[in-house]
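Residue-level listing of the chains:
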Amino acid sequence: MRRIHIAFIFALFFIMLLPGNLAKAVDVNSYSSLKKELEKSGSATVNVTEKILIKGVIHVRGTKTLNGMNNNLNRDATTGKQYYGVLFQVGKAGAYTGHLTVKNAVISGNGQEASMSAGADGRLIRVVEPGSSLVLTDGAVLKNNFNSDRIMDGGGGVTVLNGCTAEMRGSSQIISNRSKTGGAAIRVEAGGSFTLTNGLIQGNQVNQYQLDDIYGGLGGAIHNFGYVEIKKGEILGNVANGDGVNGGLGGGIYNQGELVIASGTIQGNLASLGGGAIYSSGSRSLTQIKEGSIVQNACGDCGGGLFINNGGRLLFEGGEIGGNQAGTGGGVYLSKQETRMEMKGGWIHGNVASKSTNLTGGGLRVNGATAEISGGVFGINRQNRKSDNLCPNTGKPNYSSLIYNSGIVRATGGNLYSSAVGARAIVNMGEMELKFKRNCGIHGEGEVAVLNYATLMYGSISGSAPLIDGSFKIGVENNQQMVMRQGNISASIDGIKNHGDLEIYGGASHGRRGVNALAGSLVLGGKVTIPSIYLASGQIVHVAGGVDINGGLLCPDDYYEGRVLVRSDIEDADFNMKQFRLEP
């Protein structure tokens, strides 16, 4: 029995040695020999022993490892012999699949302007037949390609078609490529996928083909219609340019599919119009941020960090969006009715909205969209960003208004550890409910901390910290309908200035005038402490119980003593007005 077992092992070993069962290694030193070996069926490692000029398309067949041995494979730019098409196609459409791994090789477009003139587009690598794959690993560099064609499925470095995959690992790089359409580094079509497991995508740039070109200038690094996952690695210093109306969207990534950011860094990218780091658009688009850093990106108009538009969805679960800059929506800009953001974790801090109106949302701008906040931090101190027990007052604020809303914002959890610098901190022109799990308040300076023109409920679940504590002239200005619960408000002139319908339940309001009631109605209830209330002519305050008006009422018009300006709507209410004054 033992002899049979040993014989079986030797037989299996010899079978493995038969031709086709071992990946062979072969050396090449010319374009023709490289093309011959990569287009053969079967498996092989192809070692490039010297620099090669690529003179035409190479269709990769079978499973190949291209080991450049630190040599360059360049597009042929020799005068009179220029090659303008794609260098490598992995698989052949309708014919066969291919699997290509590239290592220790620099594949360069040689700065040559590439086009469709050779019957194939001008990228470096195109993964074409469903089931085909590309892996870039240690020492693989794709660089210096310029795809000048105005074609719908543009791209400069790599294009991944339906049913195909691409991955970057190790120290691989895609750098300094250009395109006149989208995705100067990588273009992923619907049904295709790309994974950045590690590596660097840097210094790539897209520009419009011409003015009013709606297809150009989209995704400085990546243009995605399929699935993209960032597991690690860096996307740095990429640019998307447009004419100010079209293009210039997504300095790092333009997403119209599914984008998952599990870790990694997206930093220093620039878009001339919107989405300095990421622009995501369309009802089928999803951007999910689990961890990672989206920092120090910028754009000329909307969304220095992210611009989510036209029914797109943002799921923010962890990581940070910090130090980004835009005209409006320094951190995140949400636009259009079906667009939705769910913030379950993460940290938004130190972003800047630079438009002079100061109503532009340094942290978050919601324009007709919906933002649901159930976790995470609008914060200024990373060390304490996950704590429910600390209220830091140092670090970088979100500049201009922290949140500017003309859509729907609901915060039913999460933490506000933030400060804002600018004329106004929170501006509401839509529907807003702010009940943070832990509200450590708004610290800063400006005209008004909270400005409401629509429907706003503002407060804290815990109510243990000041809602507004700083050098704002006015704490809260209400111009329509507002309910306040819990917490304290402090301002230099008016704690609360009311022109609409205002209800206050719990907390305290401090200032030269605790409440300046100029118009509308004012209802006080619960444990409320107010130093004084300034009433315009004809105003009536409805008091429910437990209200303490320490400074009394300041009335600008002549009233006879005994005129009922304050009344209790609850029988036997505990109402204490320590002083009552009439002022002409």
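In this text the structure is predicted, and so the values were computed from the model without any measurement.

## Regarding the overall build of the chain
Reasoning step 1: Helix and strand counts for the chain come out as two helices and 66 strands.
Reasoning step 2: Sequence-distant contacts in the chain: of pairs separated by 6 or more residues, those separated by 24 or more amount to 67%.
Reasoning step 3: Accessible surface, the chain: about 22,700 Å² in total, of which carbon and sulfur atoms supply 48%.

## Regarding the pairing of strand E37 (residues 332–335)
Reasoning step 1: Neither face of E37 is open: one carries Val332 and Leu334, the other Tyr333 and Ser335, and all of them are buried.
Reasoning step 2: Both strand E33 (residues 306–309) and E37 contribute to a ladder of three bridges, which runs parallel. From the neighbouring strand, phenylalanine 307 faces E37, where its bridge partner is tyrosine 333.
Reasoning step 3: Pairing between E37 and strand E41 (residues 364–367): four bridges, direction parallel. Following the sheet pairing, valine 332 is matched in E41 by leucine 364.

## Here's the deal with the environment of glycine 345
Reasoning step 1: Counting through the fold element by element, glycine 345 comes out in the loop between strand E38 (340–343) and strand E39 (347–349).
Reasoning step 2: Given the relative accessible area of 8%, glycine 345 is considered buried.
Reasoning step 3: Taking the C-alpha atoms as reference points, glycine 345 and isoleucine 373, separated by 28 residues in sequence, lie 8.6 Å from one another.
Reasoning step 4: Leave out the neighbours within four places in its chain, and glycine 345 touches Phe316, Glu317, Gly318, Gly375 and Gly376.

## Thoughts on the packing of aromatic side chains
Reasoning step 1: In the structure shown here, the tally under the stated rule is three aromatic pairs.
Reasoning step 2: Each ring, one from tyrosine 254 and one from tyrosine 279, has its centre 5.0 Å from the other, and the planes form 25°; the classification is stacked. Of this pair, tyrosine 254 sits in strand E25 (residues 253–255) while tyrosine 279 sits in strand E29 (residues 278–281); the two residues are 25 residues apart in sequence, bridging distant segments of the chain. A single burial state applies to tyrosine 254 and to tyrosine 279, both of which are buried.
Reasoning step 3: Here the aromatic rings of phenylalanine 307 and tyrosine 333 are separated by 4.9 Å at their centres, their planes lie at 70°, and the arrangement is edge-to-face. Separated by 26 residues along the polypeptide, phenylalanine 307 in strand E33 and tyrosine 333 in strand E37 bring together distant segments of the chain.
Reasoning step 4: Residue phenylalanine 307 is classed as buried on the basis of its relative accessible area, which comes to 9%.
Reasoning step 5: Looking at tyrosine 333, the relative accessible area reads 7%, which means it is buried.
Reasoning step 6: What links up through ring pairs into an aromatic cluster is the set Tyr254, Tyr279, Phe307 and Tyr333.

## So, the confidence of the model for the chain
Reasoning step 1: Residues at a pLDDT of 70 or more form 73% of the chain, whose mean pLDDT is 81.
Reasoning step 2: Low confidence marks residues 13–21, where pLDDT is under 50. Its contacts with residues over four positions away, or in another chain, come to four contacts.
Reasoning step 3: Under a pLDDT of 50 for its full length, residues 578–584 has, in the predicted model, 24 contacts with residues more than four places off or in other chains.

## Topic: the nonpolar core
Reasoning step 1: One finds Leu34, Phe88 and Tyr458 to be the most contacted residues of the largest nonpolar core, which totals 100 residues.
Reasoning step 2: Core analysis: the next-biggest nonpolar cluster, separate from the first, contains eight residues, Leu218, Tyr254, Leu273 and Cys302 among them.

## Some words on the side chain of aspartate 494
Reasoning step 1: Along the chain, the position of aspartate 494 falls in strand E57 (residues 494–498).
Reasoning step 2: Aspartate 494 sits in the buried class, given a relative accessible area of 2%.
Reasoning step 3: When neighbours within four sequence positions are excluded, aspartate 494 is seen to be in contact with Lys473, Ile474, Gly475, Arg513 and Asn516.

## Section: the pairing of strand E1 (residues 24–28)
Reasoning step 1: Direction of pairing for E1 relative to strand E2 (residues 43–48): parallel, over a ladder of five bridges. In the strand pairing of E2, alanine 25 is matched with threonine 45.
Reasoning step 2: For the segment spanning E1, helix H2 (residues 31–38) and E2, crossover handedness is right-handed.

## Some words on unusual backbone geometry
Reasoning step 1: Here the phi dihedral of asparagine 144 falls at roughly 55°; this positive angle occurs in a residue that is not glycine.
Reasoning step 2: Topologically, asparagine 144 is positioned in the loop between strand E11 (141–143) and strand E12 (146–147).
Reasoning step 3: Of note in this structure, asparagine 310 is not a glycine but carries a positive phi near 55°.
Reasoning step 4: Tracing the sequence through the fold places asparagine 310 in the loop between E33 and strand E34 (313–316).
Reasoning step 5: Assessed through its relative accessible area of 34%, asparagine 310 is described here as partly exposed.

## Topic: H2
Reasoning step 1: Where H2 is concerned, the buried positions are Tyr31, Leu34, Glu37 and Leu38. All buried residues of H2 fall inside an arc of 140° around its axis, so they share one side. Within H2, the exposed residues directed more than 90 degrees away from the buried face are Ser32 and Lys36.
Reasoning step 2: Elements in contact with the buried residues of H2: E1, E2, strand E3 (52–54), strand E4 (58–60), strand E5 (62–75) and strand E6 (88–90).

## Thoughts on the environment of alanine 44
Reasoning step 1: In this structure, alanine 44 sits in strand E2.
Reasoning step 2: Note: C-alpha distance between alanine 44 and lysine 24 (20 residues apart in sequence) is 4.7 Å.

## Description of the pattern of salt bridges
Reasoning step 1: A full pass over the atoms with the stated rule returns 11 salt bridges.
Reasoning step 2: Where arginine 410 meets glutamate 372, a salt bridge forms, and the shortest distance between an N and an O atom there is 2.8 Å. Here glutamate 372 lies in strand E42 (residues 370–373) and arginine 410 lies in strand E46 (residues 408–411), a separation of 38 residues in the sequence.
Reasoning step 3: In this structure, glutamate 431 and arginine 410 form a salt bridge, with 3.5 Å as the shortest nitrogen-oxygen distance. Of this pair, glutamate 431 sits in strand E49 (residues 431–436) while arginine 410 is found in strand E46, placing the two residues 21 residues apart along the sequence.
Reasoning step 4: The class for glutamate 431 is partly exposed, based on a relative accessible area of 38%.
Reasoning step 5: Look at the salt bridges and you will find they share partners, linking Arg313, Arg340, Glu342, Glu372, Arg410 and Glu431 into a network.

Parameters at a glance
Residues numbered from 1 in each chain as written. Predicted model: local features only at pLDDT ≥ 70, side-chain atom pairs only at ≥ 80, totals over all residues. Heavy atoms only, no water. Helix = DSSP H or I, 4+ residues; strand = E, 2+ residues; numbered from the N terminus. Contact = heavy atoms within 4.5 Å. Areas by Shrake-Rupley, 256 points an atom, 1.4 Å probe, with all protein chains shown as cover. Buried < 20%, exposed > 50% of the residue type's maximum accessible area, 1.4 Å probe, protein only. Pairing = 2+ DSSP bridges. Phe/Tyr/Trp six-rings, centres within 6.5 Å; stacked < 30°, edge-to-face > 60°. pLDDT = per-residue confidence, 0-100. Core = buried A, V, L, I, M, F, W, Y, C linked by side-chain atoms within 4.5 Å. Right-handed = clockwise from strand over helix to strand, strands pointing away. Arc of directions from axis to C-beta. Salt bridge = Lys/Arg side-chain N within 4 Å of Asp/Glu carboxyl O.

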